[in-house]
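What follows is the residue order along each chain.
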Amino acid sequence: MVNQREIRLHSQWQEVIGEEFNKDYMQSLREFLIQRKQQGAVIYPPVQEWFSALNSTPFDDVRVVILGQDPYHGAGQAHGLCFSVRPDVKVPPSLANIYKEIKSDLSIDPPNHGCLSSWAQQGVLLLNATLTVEDANAGAHQGKGWEQFTDHIIKTINDRRQGVVFMLWGSYAQKKSAMIDASRHLVLKSVHPSPLSAYRGFFGCGHFSAANTYLQQQGLGQINWQLPDRDSALKALQEY
């Protein structure tokens, strides 16, 4: 988008949402990102990782959608998957709470890193509503067009797929339920896993076991929420 040659998009996603790139709002978003880069803004994640969520989880493979809001805005954290950080980066507080809930729900011990690529490769679409942010400036790219793009992704999954689990954590994500047909998909809602809210209902929500039960009922197979160790995650990321 800043440099079109640096952008790559999985062919399945190109087929179902590729026309969005030609729309006026995406042209405006492209111009905004180019301008911010020219003005010296440090944008996260790197341009080649803006669409990592889509490239890691092809359209036909999507079984679970977890929605985030913004990428992490610290150096080296964001790599295109919501809630995820690179294997050598400290686990952020919200993700630590996600691990606590998985431990409580499924008796799976937390890994020694915060990279969720293994989930993405199993069909968990880890989608932020806004795909870019600026250094130390949370929300810097909200309202510039990304939300329209990611809303289109959610609507496309809703319309063209059946039996997908949507995990909507926090009020921002829960608003997206208006685009999802709960008679055709499973919609799981909770407060956000942030330390500010996790104790008000995220802990004990049981979303991970509920997702697997539903997927099994749909004949789609369960997600293995157990993540590999840090060395294995780092190796897999390097090979990807």
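Everything in this summary refers to the structure shown in the same document. Here the structure is a predicted model, which is why all the values come from computation and not from measurement.

This part takes up the side chain of Ser94. Note on placement: Ser94 falls in helix α4 (residues 93–106). When neighbours within four sequence positions are excluded, Ser94 is seen to be in contact with Phe83, His192, Pro193, Ser194 and Pro195.

A separate point is α4. Here α4 spans 20 Å end to end across 14 residues, near enough to the 20 Å set by a 1.5 Å rise per residue. The elements touched by buried residues of α4 are α5 (117–121), β5 (165–169) and α8 (207–217). The positive-phi residue at the C-terminal boundary of α4 is Ser107, with phi of around 60°.

To continue, consider α8. Taken as a whole, α8 has its buried residues at His207, Phe208, Ala211, Asn212, Tyr214 and Leu215. One side of α8 carries all its buried residues, which in axial view fall inside an arc of 165°. Among the exposed residues of α8, those oriented more than 90 degrees off its buried face are Gln216 and Gln217. Among the structural elements, β2 (64–68), α4, β5 and β6 (186–190) are those in contact with the buried residues of α8.

Attention now moves to the sheet that holds β2. Ordered in space as β3-β2-β5-β6, the four strands form an open sheet in which the pairing is parallel. The open sheet terminates on both sides in strands that have one partner only, identified here as β3 (124–128) and β6. Sheet twist, expressed as the mean angle between neighbouring strand axes with direction ignored, is 20°. Bridge count for β2 against β3 is five bridges, and the pairing is parallel. Residue pairing across strands places Ile66 opposite Leu126, the latter belonging to β3. In the packing of helix α6 (residues 146–160) onto the sheet, the strands contacted are β2, β3 and β5, and the crossing angle to β3 comes to about 150°. Its contacts with the sheet put α8 on β2, β5 and β6, and the angle it makes with β5 is roughly 165°.

To continue, consider the packing of α4 against α8. At a minimum axis separation of 8 Å, α4 and α8 run at an interaxial angle of 60°. Of the possible angle classes, the one that applies to α4 and α8 is oblique. Here Ile98, Glu101, Ile102, Asp105 and Leu106 of α4 come into contact with α8, specifically with His207, Phe208 and Ser209.

Conventions used here
- Along each chain, residue indices are assigned from 1 in the same order as the chain's sequence is written.
- Per-residue local features of the predicted model are confined to residues with pLDDT of at least 70, and side-chain atom pairs are confined, for both listing and counting, to 80 or more; whole-chain, interface and lining totals are unaffected and use all residues.
- The side-chain quantities take in all heavy atoms of the structure and omit both hydrogens and water.
- What counts as a helix is a DSSP run of H or I of at least four residues, what counts as a strand is a run of E of at least two, and both are numbered from the N terminus.
- Any pair of residues with heavy atoms lying within 4.5 Å of one another is described as a contacting pair.
- One less than the number of residues in a helix, times 1.5 Å, gives the span that helix is expected to have.
- Each residue is assigned to one of three classes by its accessible area relative to the maximum for its type, calculated with a 1.4 Å probe on protein chains only: buried under 20%, partly exposed between the two thresholds, exposed over 50%.
- Summarising the geometry, the arc corresponds to the directions from the helix axis toward the C-beta atoms.
- We treat two strands as partners when DSSP finds at least two bridges between them.
- Throughout, an axis means a line fitted to C-alpha atoms (over the contacting stretch in the case of helices), and angles, computed between N-to-C directions, take values from 0 to 180 degrees.
- Angle categories are assigned with fixed cut-offs, so that under 35 degrees is roughly parallel, over 145 is roughly antiparallel, 65 to 115 is roughly perpendicular, and the rest are oblique.

By themselves, these observations are geometric and do not establish any function.
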